[in-house]
Amino acid sequence: MVDSYPILTLVPPLLAIGLVVATRKVLLSLGLGVVSAALLIEGFSPWGTVKQVVGAFTDLFWLDGALNTTKVYILIFTLMLGVITAFIMMSGGTRAFADWAQERIKTRRGATMLPAALGVAIFVDDYFNALAVGQVSRPVTDTHRVSRAKLAYMVDSTSAPVAVLVPFSSWGAFILGLIGTEVAASSLETSDVGAFMQAAGANYYAFAALLLVGVVATMSLDLGPMRTEERRAIMEGQPFDGSEEIPGQLAEDLPVHRPGAKLALIMPFVLLVVGVFAGIAWTGQRSAGSWSVVDILAETDVTFALIVGGVLGLLAAIYYYVRDTSENPKFGMSTFGRAWVEGVKSMLPAVSILILAWMLGALIEALGTGDYLGGLIEGSSISPSWLVPIVFLLAAAMAFATGTSWGSFGLLIPLVGGIINSLDAPELLLPAMGAVLAGAVSGDHASPISDTTILSATGAGCNVITHVTTQLPYVITAVFSATLGYVTVALVGSVALGAGVTLLVAGVIAFVAFLVWGPSVADSEMPDRTSQPA
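1. Some remarks on the overall build of the protein chain
Counting secondary structure elements, the protein chain contains 24 helices and two strands. Since a compact globule built from 534 residues should have a radius of gyration of about 24 Å, the 23 Å found for the protein chain is in line with a globular shape. Reported as C-alpha extents along the three principal axes, the dimensions of the protein chain are approximately 75 × 55 × 50 Å. Looking at the protein chain as a whole, 56% of its 534 residues qualify as buried. A fraction of 80% describes how many contacts in the protein chain between residues 6 or more apart in sequence connect residues 24 or more apart. Total accessible area on the protein chain is roughly 20700 Å²; 66% of this is exposed by carbon and sulfur atoms. Between the mean site of the 24 positive side-chain charges and the mean site of the 38 negative ones, the protein chain shows a separation of 16 Å.

2. Digging into the side chain of S157
Along the chain, the position of S157 falls in the loop between α8 (148-156) and α9 (160-163). Separated by 3.5 Å, the side chains of S157 and Q471 make a polar contact.

3. Points about the nonpolar core
Judged by nonpolar contacts, the single largest core of 146 residues is most densely connected at V164, I179, Y205 and F409. Counting residues per element, this core draws most heavily on helix α17 (residues 333-367), which supplies 13 residues. If we ignore the near neighbours within four places in the chain, the residues touching F409 are V164, W171, F174, I175, L178, P414, V436, L437, A440 and V441.

4. Concerning a nonpolar patch on the surface
Where nonpolar side chains cluster on the molecular surface, the patch consists of L504, V508, F511, V512, L515, V516 and W517 and spans about 750 Å² of accessible area. Secondary-structure assignment places V508 in helix α24 (residues 495-517).

5. Side note on the pattern of salt bridges
Under the criterion given, the structure shown has seven salt bridges. Between R148 and D142 there is a salt bridge; the shortest N-O distance is 2.8 Å. With its nearest N and O atoms 3.6 Å apart, the salt bridge here joins R338 to E342. Here R338 pairs with E342, and both are found in helix α17, just four residues apart, close to one helical turn. The partly exposed category is assigned to R338, whose relative accessible area is 25%. Look at E342 and you get buried, because its relative accessible area is 11%. Where salt bridges share partners, they join R108, K150, D222 and E230 into one cluster.

6. Here's the deal with the packing of helix α7 (residues 126-143) against α8
The angle between the axes and the distance between the axes are what describe a pair of packed helices. Running from N to C, α7 and α8 cross one another at 145 degrees; their axes reach a closest spacing of 10 Å. Where α7 crosses over α8, the two elements pack in a sense that is right-handed. Packed against α7, whose contacting residues are N129, A130, V133, G134, S137, R138, T141 and D142, the element α8 presents R148, L151 and V155 at the interface. Within the contact of α7 with α8, the residues separate by chemical class into four nonpolar, four polar and three charged.

7. Here we look at the environment of V2
Along the chain, V2 turns up in the segment before α1 (11-23). For V2 and A111, which are 109 residues apart along the polypeptide, the C-alpha to C-alpha distance reads 51 Å. Excluding anything up to four places from it in sequence, V2 contacts T9, L40 and L367.

8. Structural notes on helix α20 (residues 405-422)
For α20, which comprises 18 residues, the first-to-last C-alpha distance of 25 Å matches the rise-based estimate of 26 Å (1.5 Å per residue) to within 8%. Considering bend angle alone, the principal kink of α20 is centred on L412 and spans about 30 degrees; proline P414 follows within four residues of it. Of the residues making up α20, those classed as buried are S405, S408, F409, L412, I413, L415, V416, G417, I419 and I420. A positive phi of about 55 degrees marks D424, the residue just after α20.

9. Remarks on the packing of aromatic side chains
Under the counting rule described, the total for this entry stands at 12 aromatic pairs. A ring pair is formed by W282 and F304, whose centres lie 6.0 Å apart and whose planes are at 40 degrees; its orientation type is tilted. Of this pair, W282 sits in helix α14 (residues 263-288) while F304 sits in helix α16 (residues 302-325), and the two are 22 residues apart along the sequence. Cluster of aromatic residues (ring-pair linked, three or more members): F87, Y321, F336 and W340.

10. Some points on the side chain of R108
Among the structural elements, R108 can be located in helix α6 (residues 108-121). Residue R108 is classed as buried on the basis of its relative accessible area of 16%. Within the structure, the side chain of R108 is placed 3.0 Å from the backbone oxygen of R145, a separation counted as a polar contact. Apart from residues no more than four positions distant in its own chain, R108 is found in contact with H144, R145, V146, S220, E230 and I234.

11. A look at helix α23 (residues 464-492)
Owing to its 3.6 residues per turn, the α-helix aligns residues three or four sequence positions apart on the same side. With 29 residues, α23 extends 41 Å from end C-alpha to end C-alpha; this agrees with the ideal 42 Å at 1.5 Å per step. When the local axis directions of α23 are compared, the greatest deviation, roughly 40 degrees, occurs at L472, which is followed within four positions by the proline P473. Capping of α23 at its N-terminal end is provided by N463; its side-chain oxygen lies 3.0 Å from the backbone amide nitrogen of I465.

12. Brief notes about the packing of α8 against α23
The interhelical angle for the contact between α8 and α23, taken along N-to-C directions, is 65 degrees, at an axis separation of 9 Å. For α8 against α23, the interelement crossing comes out right-handed. Across from A149, A152, Y153 and D156 in α8, the residues of α23 making contact are T466, H467, T470, Q471 and Y474. Here the residues of the contact of α8 with α23 are counted per class, giving four nonpolar, four polar and one charged.

Cut-offs applied
- Residues numbered from 1 in each chain as written.
- Predicted model: local features only at pLDDT ≥ 70, side-chain atom pairs only at ≥ 80, totals over all residues.
- Heavy atoms only, no water.
- Helix = DSSP H or I, 4+ residues; strand = E, 2+ residues; numbered from the N terminus.
- Rg over C-alpha atoms; globule rule 2.2 N^0.38 Å.
- Buried < 20%, exposed > 50% of the residue type's maximum accessible area, 1.4 Å probe, protein only.
- Contact = heavy atoms within 4.5 Å.
- Areas by Shrake-Rupley, 256 points an atom, 1.4 Å probe, with all protein chains shown as cover.
- Lys, Arg positive; Asp, Glu negative; His and termini not counted.
- Charge placed at Lys NZ, Arg CZ, Asp CG, Glu CD.
- Polar contact = N/O pair within 3.5 Å; in protein donor to acceptor, adjacent residues only side chain to side chain.
- Core = buried A, V, L, I, M, F, W, Y, C linked by side-chain atoms within 4.5 Å.
- Patch = residues over 30% accessible without salt bridge, like charges linked within 9 Å, V, L, I, M, F, W, Y side chains within 5 Å.
- Salt bridge = Lys/Arg side-chain N within 4 Å of Asp/Glu carboxyl O.
- Axes fitted to C-alpha atoms, helices over the stretch in contact; angles between N-to-C directions.
- Left-handed = near helix turned anticlockwise from the far one by under 90°.
- Nonpolar A, V, L, I, M, F, W, Y, C, P; charged D, E, K, R; others polar.
- Expected span 1.5 Å × (residues − 1).
- Bend = angle between axes of the 7 residues up to and from the residue.
- Phe/Tyr/Trp six-rings, centres within 6.5 Å; stacked < 30°, edge-to-face > 60°.

What follows is the structure, encoded as structure tokens:
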């Protein structure tokens, strides 16, 4: 059936995404998407469908006769973060760090800028960024009544958009390999890193997204549903809707040692960061046999590095827990065990969503959704210059439907590169590569089935669908601005002018929106002082 009607390959992702938005039941929606994809692959054979679903699940853990470390290590790291957070909270580190930070970060603007700054600084990997930045920033943003939705937006919009612009990141290493192959097949005379930087210069969505992050952090630009979330956080001191399922949220009755030490929070995350960087360097150097940064990042095992950092962070969290609570009669072996149990439980919703999202992604790939969308380019007869805005929108659609930007990179960069090289239009090659990168990141940002969307919400302690709906107006603004930028490239052939148009349009939209709507809460309505949320 799919062979005769390839458009049916769009049904599973659109079904899952539509149900997620309509029902806000993520697990049910993803599950139905998984089943529908399996049904189409097997031509509605019941037994074949069961085998496809079971196979997609088992492949997450055991693939090609070996442990699927890429997926398993991410799940383990996610669970470890939950346990680390539980030990930090119970030892009093979260409360002590919030008190310490409140003395130094005295405004909501400062609290909002903290995750933005950390997100830009920790550019090495988007998974690590998504989980770590939210966990570190949450005590500060909660204290200053910044909504979890805004925290999740800050985390998500400074992870992939930064990582995709930097050649010395896990994203950069992957993209370098793809772009380098296409450049080698063209008449361009540039190095792989030079080609990457030129393609990054045409990644208009990343520029627009980071500009909007800066505007949101400094001017409190709250669009659409974000206004509701921010108003509740400010007026009620409640950073999230208590009726929603919040991944990464610990039980409220966990015992907390007082007074705690701020180092009980700082040191576990410092060692976690150090461990991840050390793991990246070690695994990359061993595989590449070189100390070149580009070679290390091209060959590193980021997920193993996450485990190295997670173990160091966990050991530090346990050390401070034992040190600070050893003489407190409320804490003993039972509370020590409960920290493990509650930490794992807090992350189970995120782990469940990740597993189903990965299963859906694998079945969508087997179904050929990406191939169908990619084939739309090959079958077109448009002017070569207009490929740039078209591949941007196509990459956005593909990443939105499949929930993976890397999958879109892997399919579209060789496809688009081959088309442009066959047309002998080398001046369009790197702008088109930048458009693919931009579109894939934008679609990933908007997709509720994206793993980085799920992890950003988890790290920030925000409901996944709340994160998606509150981030969407900013994504749409950046996509619209970037589209006009790529149309400029198609019309006049200037990448620099296209970047200027993108930033100008995004800035004007943000400025006009702020003039029309203003902040979520007027200065006259502001509470007299910040206080710890209830």
